[in-house]
Amino acid sequence: MSTDGLPPAHGVGFPVRQWVSPPEAARLVASGDLDAGHVVVAAPELDTATTALAQLAMAGFNGASSVLLTGTGAVQNARTLQQLQVAIDNIPAPIFSKDADGVYGACNRAFETFVGVPREKIIGRTVHDLWSSDLAAMYDKADRALMEAGGTQIYDGQVRYADGSVRDVTFYKAVFTDDQGTARGQSGAILDITERRALEAKLRTLADSDPLTGAANRASFARRLDEAAAHADTDQPPAVLLIDLDDFKIVNDTLGHDIGDKLLVAVSELLRQNVRELGLVARLGGDEFAVLTENLRADDVDLLVQRILAALTPPVLAADHPLVVRASIGVAYGRPGDRGADLLRNADIALYVAKDSGKGQYAYYRSGMKTRVVEQATLLNGLRQALNERQLHLEYQPIVRLSDGAVIGVEALARWRDPTRGVVPPARFIPIAERSGLILPLGRWVLDQACRDASRWQRLDPVREQFTMHVNVSAHQLREPTFTADLHKALTDAGLNPAALVIELTETAMTDDPATVETVHAIRELGVRIALDDFGTGQSSLAILASCPVDVIKIDKSFVDQITGSDRHAAVARTVVQLANSLGMETVAEGVESAVQARHLHTMGYRQAQGFHFARPLVPDAVDLLLE
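The shown structure was predicted, so the numbers you read here are calculated from the model rather than taken from an experiment.

About the cut-offs
Residues numbered from 1 in each chain as written. Predicted model: local features only at pLDDT ≥ 70, side-chain atom pairs only at ≥ 80, totals over all residues. Heavy atoms only, no water. Pairing = 2+ DSSP bridges. Helix = DSSP H or I, 4+ residues; strand = E, 2+ residues; numbered from the N terminus. Axes fitted to C-alpha atoms, helices over the stretch in contact; angles between N-to-C directions. Contact = heavy atoms within 4.5 Å. 1 Å grid on protein atoms, 1.4 Å probe; cavity = no way out; pocket = protein on both sides within 12 Å on 5 of 7 lines; lining within 4 Å. Points joined across faces, edges and corners; volume = space filled by probe spheres on them. Nonpolar A, V, L, I, M, F, W, Y, C, P; charged D, E, K, R; others polar. Left-handed = near helix turned anticlockwise from the far one by under 90°. Patch = residues over 30% accessible without salt bridge, like charges linked within 9 Å, V, L, I, M, F, W, Y side chains within 5 Å. Areas by Shrake-Rupley, 256 points an atom, 1.4 Å probe, with all protein chains shown as cover. Salt bridge = Lys/Arg side-chain N within 4 Å of Asp/Glu carboxyl O. Buried < 20%, exposed > 50% of the residue type's maximum accessible area, 1.4 Å probe, protein only. Core = buried A, V, L, I, M, F, W, Y, C linked by side-chain atoms within 4.5 Å. pLDDT = per-residue confidence, 0-100.

Moving on, we come to the sheet that holds strand β6 (residues 152-160). Taken in spatial order, the five strands make up an open sheet running β5-β4-β8-β7-β6, and their pairing is antiparallel. Two strands in the sheet have a free side with no partner beyond their single neighbour: β5 (104-107) and β6. This sheet shows a mean twist of 25° between the axes of neighbouring strands, independent of strand direction. One ladder, built from nine bridges, connects β6 with strand β7 (residues 166-177); its direction is antiparallel. Opposite Arg-160, over in β7, you have Val-166 as the bridge partner. Here helix α6 (residues 133-149) sits on the sheet in contact with β4 (95-99), β6, β7 and β8 (183-192), set at roughly 35° to β7.

What follows is the structure, encoded as structure tokens:
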């Protein structure tokens with residue numbers, strides 16, 4: 001019994017059930033209501049309380065008992081401790097407290113579940129009484145380290161609960177001291193982080209995997225490649241097989257993206273079945289896959305290449321569609337000093353060579369192949385310099401009215417005359433501009449210059465209000481957040497009526513990214529018209545007409561070429577103009593090269609056309625003369 005006004009062990013760790021005064025103790029004796037597990041007798045004097053306890057014992061009470069000498073502070077403290085015990089019992093994390101010798105003095109119900117015994121068998125015992133010798137030694141070592149260091153201790157680990165389950169946990173432990181600062185023991189809590197760890201593992205898997213195919217993604221492949229490249233000075237260096245599906249775009253164009261996606265999943269599974277434990281399969285993006293091998297002989301790498309090509313030779317089943325798939329493969333071996341990026345770049349160069357050799361081919365990287373990359377880099381630097389030094393200029397191809405041949409608009413076309421290379425064809429420098437990002441400053445310059453020229457021509461002849469300027473815009477430009485603002489500035493600076501400008505977009509550009517559709521609507525809200533260029537060659541022509549604010553359809557030259565010799569092509573061309581008329585859209589026939597084609601188109605209902613038959617692209621001065 002306590003003589004300091006508090007129950008033994010401060011009342012924590014014991015199942016306090018009932019507080020009684022000596023008269024109440026007498027009533028319990030008389031009534032026989034002695035079911036409480038722990039009785040605290042509160043009395044102003046110790047003798048009175050002792051008498052009450054003796055009466056309880058004589059009546060047969062054998063539970064825990066304590067004496068509380070009644071004083072306002074002591075009563076409040078005891079009740080606070082009781083409330084604290086209730087509070088920590090409702091916390092799901094195991095909580096405990098032990099003295100400087102490691103003897104448990106308190107715990108909650110969750111700690112009982114952890115240990116597997118009631119607290120009556122925990123309080124007053126040490127880790128050596130509760131756990132196996134190995135676990136007890138580990139816990140004891142951690143406790144002693146904390147007592148010596150003081151402060152707090154936080155660490156992760158795994159524990160086995162009494163029910164046999166193994167859980168990931170974080171231990172939070174701290175030393176408590178007396179008024180003089182002497183360490184008297186420690187308390188702690190055990191937080192179960194098993195679910196969090198499982199979620200983190202799942203997130204890591206998702207972060208490293210391609211969401212469509214389940215293969216490794218580009219980021220995880222790059223990490224593994226960097227690690228492998230560090231060991232390239234062995235007899236069996238790492239190798240990268242860069243795999244690109246031939247004509248995959250045709251599948252998307254003819255069967256749609258859903259079937260295309262299913263084909264990518266099927267190809268990914270075929271690759272994993274054939275590569276198995278020999279390497280890591282990854283999807284780098286689009287229809288491009290990669291395989292990383294390590295510690296394989298050159299003969300085995302070659303056999304793997306042949307096996308992959310053979311696996312892709314029979315039709316691949318994608319959503320019940322048997323599709324003939326061919327792949328080109330570029331192979332590169334790691335060399336001492338190579339980084340992962342070097343290895344991947346070399347495989348990419350080899351892939352280009354393989355594609356140049358035809359479909360379903362493969363090529364190994366050789367040092368001489370870098371020449372092509374050097375040429376492209378040189379051309380890129382030249383293009384960057386051309387932009388800075390104003391070596392580029394615009395030429396304009398007239399768009400005519402078929403009924404009388406009058407010029408009613410022009411299409412702006414970028415041209416580059418290099419001081420050393422001479423005229424560089426757009427087919428060479430535009431793709432490089434797209435890949436390098438130079439298409440953004442190039443596109444802004446074209447837009448600015450075209451708007452200024454169009455405004456000048458309108459001022460020269462105010463009657464020419466219907467004259468339109470057509471400017472091609474790429475998917476890269478549409479994705480640029482500032483494009484709409486740049487367009488508005490170009491119109492404002494030039495003083496050009498927005499209705500006089502027509503932005504030409506390819507079908508691919510308009511479906512490349514859902515966000516581009518929003519940009520197209522923003523362009524249209526400025527009052528600028530939209531033309532769908534190369535109509536009939538993209539992947540979802542009709543869907544675009546339904547979802548995007550298209551004003552003009554420009555039918556592709558491939559249809560115009562055949563209208564006089566192919567009934568099918570003529571029927572397609574006629575259907576397009578009928579569709580456009582029903583939707584209230586204008587039509588322009590591209591690539592008209594003969595009077596016969598022009599007459600056929602006019603008969604079909606086309607009102608506008610452009611092509612070499614009418615005029616080749618002209619410099620601005622020549623357009624001045626033509627308009628006069």
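The rest of the description comes next.
Rolled over the atoms, a probe sized like a water molecule indicates the empty space that remains. By volume, the largest pocket is sized at about 970 Å³. Lining the largest pocket are 33 residues, and of these Glu-411, Leu-413, Ile-430, Asn-472 and Asp-533 lie nearest its centre. For the lining of the largest pocket, the secondary structure elements donating two or more residues are β17 (407-418), α14 (426-436), α15 (439-460), α16 (475-479), β20 (501-506), α18 (507-511) and β21 (529-535). Among the elements that make up the lining of the largest pocket, the one with the highest residue count is β17 (five residues). Class assignment for the residues of the lining of the largest pocket results in 13 nonpolar, ten polar and ten charged.

Scanning all chains against the criterion turns up three cavities of 30 Å³ or more. Put simply, the largest cavity is a space of about 100 Å³. Looking at the largest cavity, it is lined by 13 residues, and the ones nearest its centre are Phe-96, Lys-98, Tyr-104, Tyr-139 and Phe-171. For the lining of the largest cavity, the secondary-structure elements that each account for two or more residues are β4, α4 (109-115), α6 and β7. Of the residues assigned to the lining of the largest cavity, the class counts are ten nonpolar, no polar and three charged.

Once that is clear, we can look at the packing of helix α10 (residues 257-275) against helix α11 (residues 298-311). Two elements in contact, α10 and α11, have axes whose closest approach is 10 Å; the angle formed by their N-to-C orientations is 145°. The hand of the α10/α11 crossing is right-handed. Contacts between α10 and α11 involve Leu-270, Leu-271, Asn-274 and Val-275 from the first element and Leu-304, Arg-307, Ile-308 and Ala-311 from the second. Considering only residue class, the contact of α10 with α11 consists of six nonpolar, one polar and one charged.

On the surface, a cluster of nonpolar side chains totalling about 290 Å² of accessible area is made up of Ile-154, Tyr-172 and Leu-191. Along the chain, the position of Ile-154 falls in strand β6. Exposure remark for Ile-154: the relative accessible area of 55% places this residue in the exposed category.

On to the nonpolar core, then. Residues Met-469, Leu-501, Ile-503 and Tyr-606 are the most contacted members of the largest nonpolar core, which totals 72 residues. For this core, the element with the highest residue contribution is α15, accounting for nine residues. In contact with Met-469, other than residues within four places in its own chain, are Tyr-396, Val-410, Ala-412, Ala-450, Ala-454, Trp-457, Ala-500, Leu-501 and Val-502.

This part is about the sheet that holds strand β14 (residues 326-333). Through backbone hydrogen bonds, the strands of a sheet pair up, either in parallel or in antiparallel fashion. The five strands lie next to each other as β10-β11-β9-β14-β15, forming an open sheet whose pairing is mixed. Looking at which strands have only one partner, the edges of the open sheet turn out to be β10 (279-285) and β15 (362-364). When strand polarity is set aside, the average angle formed by the axes of neighbouring strands in this sheet is 20°. Note that β14 and β15 share three bridges and pair parallel.

Under the criterion given, the structure shown has 32 salt bridges. Residues Arg-167 and Asp-192 are paired through a salt bridge, measuring 3.6 Å at the closest nitrogen-oxygen approach. Here Arg-167, found in strand β7, pairs with Asp-192, found in strand β8; they are 25 residues apart in sequence, far enough to count as distant. Since its relative accessible area comes to 23%, Arg-167 is described here as partly exposed. Linking Glu-504 and Lys-554 is a salt bridge whose minimum nitrogen-to-oxygen distance equals 2.5 Å. Of this pair, Glu-504 sits in strand β20 while Lys-554 sits in strand β22 (residues 552-555), placing them 50 residues apart in sequence. Grouping residues by exposure puts Glu-504 and Lys-554 together as buried.

Our focus in this paragraph is the confidence of the model for the protein. Confidence in the prediction for the protein averages 86 pLDDT; 89% of positions are at 70 or higher. Between residues 1-16, whose pLDDT stays under 50, and residues either more than four places distant or in other chains, the model counts 38 contacts.

Okay, the side chain of Asp-287 next. Tracing the chain through its elements places Asp-287 in the loop between β10 and β11 (288-293). Judged by relative accessible area, which is 17%, Asp-287 ranks as buried. In contact with Asp-287, not counting residues within four places along its chain, are Ile-243, Asp-244, Leu-245, Phe-248 and Leu-264.

Before going further, it helps to spend a moment on the pairing of strand β9 (residues 239-246). The buried fraction of β9 is high, at eight of eight residues. By the alternation rule, side chains of β9 split into Ala-239, Leu-241, Ile-243 and Leu-245 and Val-240, Leu-242, Asp-244 and Asp-246, which are all buried.

It is worth spelling out the environment of Gly-185 at this point. Topologically, Gly-185 is positioned in strand β8. On the basis of relative accessible area, Gly-185 is assigned to the buried category, the value being 0%. In sequence terms Gly-185 and Gly-105 are 80 residues apart; their C-alpha atoms lie 9.6 Å from each other. Residues contacting Gly-185, with those up to four places away along its chain left out, are Lys-98, Asp-99, Ala-100, Met-147, Ala-174, Val-175 and Phe-176.

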